[in-house]
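# Coordinates in review
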Amino acid sequence: MHKSRLAGFIIDCRTDDLDSAARFWSAALGMRSRGRDGEAYVRLDASTRDLSVEVQSVKHGSRVHLDIETDDVEAEVRRLERLGAKRITQASTWWVLEAPTGQRFCVVRTAHPDAPGFSTWDDEGNPA
């Protein structure tokens, strides 16, 4: 068995000025910046919403994608593949998948396994 939940949203920005992009999204969403997280990310404070919201510098077109967090990345990826998702690429410890409807999203390891809101799945990908 494993569990998963919506972790949050990543605002992909095709920009050379990540700080300016983060200032815009911080003001637009009413979430203060929590500062840089490496070269490509600025975290916004969405803690009151129990979500992670980040502004990310990317080379592809600007878009919004979501992250699904889980305590077992491989099991969750297999479950989503059974639903029709396709693996696109593995990046470090997470996977980029593509939904049957074309949206790309990431499956990442949770940093908060005891947080509320997780769904539990059996080994066949059914609700447990």
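Anything mentioned here points back to the structure above.
Let me begin by describing the structure that accompanies this report. (Residues numbered from 1 in each chain as written. Predicted model: local features only at pLDDT ≥ 70, side-chain atom pairs only at ≥ 80, totals over all residues. Heavy atoms only, no water.)

### Notes on the side chain of His2
- Positionally, His2 belongs in strand β1 (residues 2-13).
- One polar contact links His2 to Glu76, side chain to side chain, over a distance of 2.7 Å.
- Those residues within four positions of His2 in sequence are excluded, and the remaining contacts are Thr70, Asp71, Asp72, Ala75, Glu76, Arg79, Ser119, Thr120 and Trp121. (Helix = DSSP H or I, 4+ residues; strand = E, 2+ residues; numbered from the N terminus. Polar contact = N/O pair within 3.5 Å; in protein donor to acceptor, adjacent residues only side chain to side chain. Contact = heavy atoms within 4.5 Å.)

### Some thoughts on the packing of aromatic side chains
- Counting across every chain of the model gives one aromatic pair.
- Look at Phe24 and Trp25: their rings are 5.0 Å apart centre to centre, the planes differ by 85°, and that puts the pair in the edge-to-face class.
- Directly above the ring of Phe118 sits Lys3, whose terminal nitrogen or CZ lies 5.2 Å from the centroid.
- A cation sits over an aromatic face here: Arg87 above Trp95, 4.8 Å from the ring centre. (Phe/Tyr/Trp six-rings, centres within 6.5 Å; stacked < 30°, edge-to-face > 60°. Lys NZ or Arg CZ within 6 Å of the ring centre and 35° of its normal.)

### Focus on helix α1 (residues 18-29)
- Helix length check: α1, at 12 residues, gives a terminal C-alpha distance of 16 Å against a target of 16 Å (1.5 Å per residue), a fit within 8%.
- Of the positions making up α1, those classed as buried are Leu18, Ala21, Ala22 and Ser26. One side of α1 holds all its buried residues, which, seen down the axis, span an arc of 135°. In α1, the exposed positions angled more than 90 degrees off the buried face are occupied by Arg23 and Ala27.
- Where α1 is buried, its residues touch β1, β2 (33-36), β3 (41-44) and β4 (52-57).
- In the segment just after α1, Gly30 is the residue with positive phi, at about 65°. (Expected span 1.5 Å × (residues − 1). Buried < 20%, exposed > 50% of the residue type's maximum accessible area, 1.4 Å probe, protein only. Arc of directions from axis to C-beta.)

### Topic: helix α2 (residues 73-82)
- Looking at α2, one finds that the buried residues are Val73, Ala75, Glu76, Val77, Arg79 and Leu80.
- As for α2, its buried residues are in contact with β1, β5 (63-70), β6 (86-91), β7 (94-98), β8 (104-109) and β9 (119-121).
- Two residues or fewer past α2, Gly84 is found with a positive phi of approximately 115°.

### Re unusual backbone geometry
- Look at Asp50: it is not a glycine, yet its phi comes out positive at around 55°.
- Secondary-structure assignment places Asp50 in the loop between β3 and β4.
- Within the chain, Ser92 stands out as a residue other than glycine whose phi angle is a positive 60°.
- You can see Ser92 is positioned in the loop between β6 and β7.

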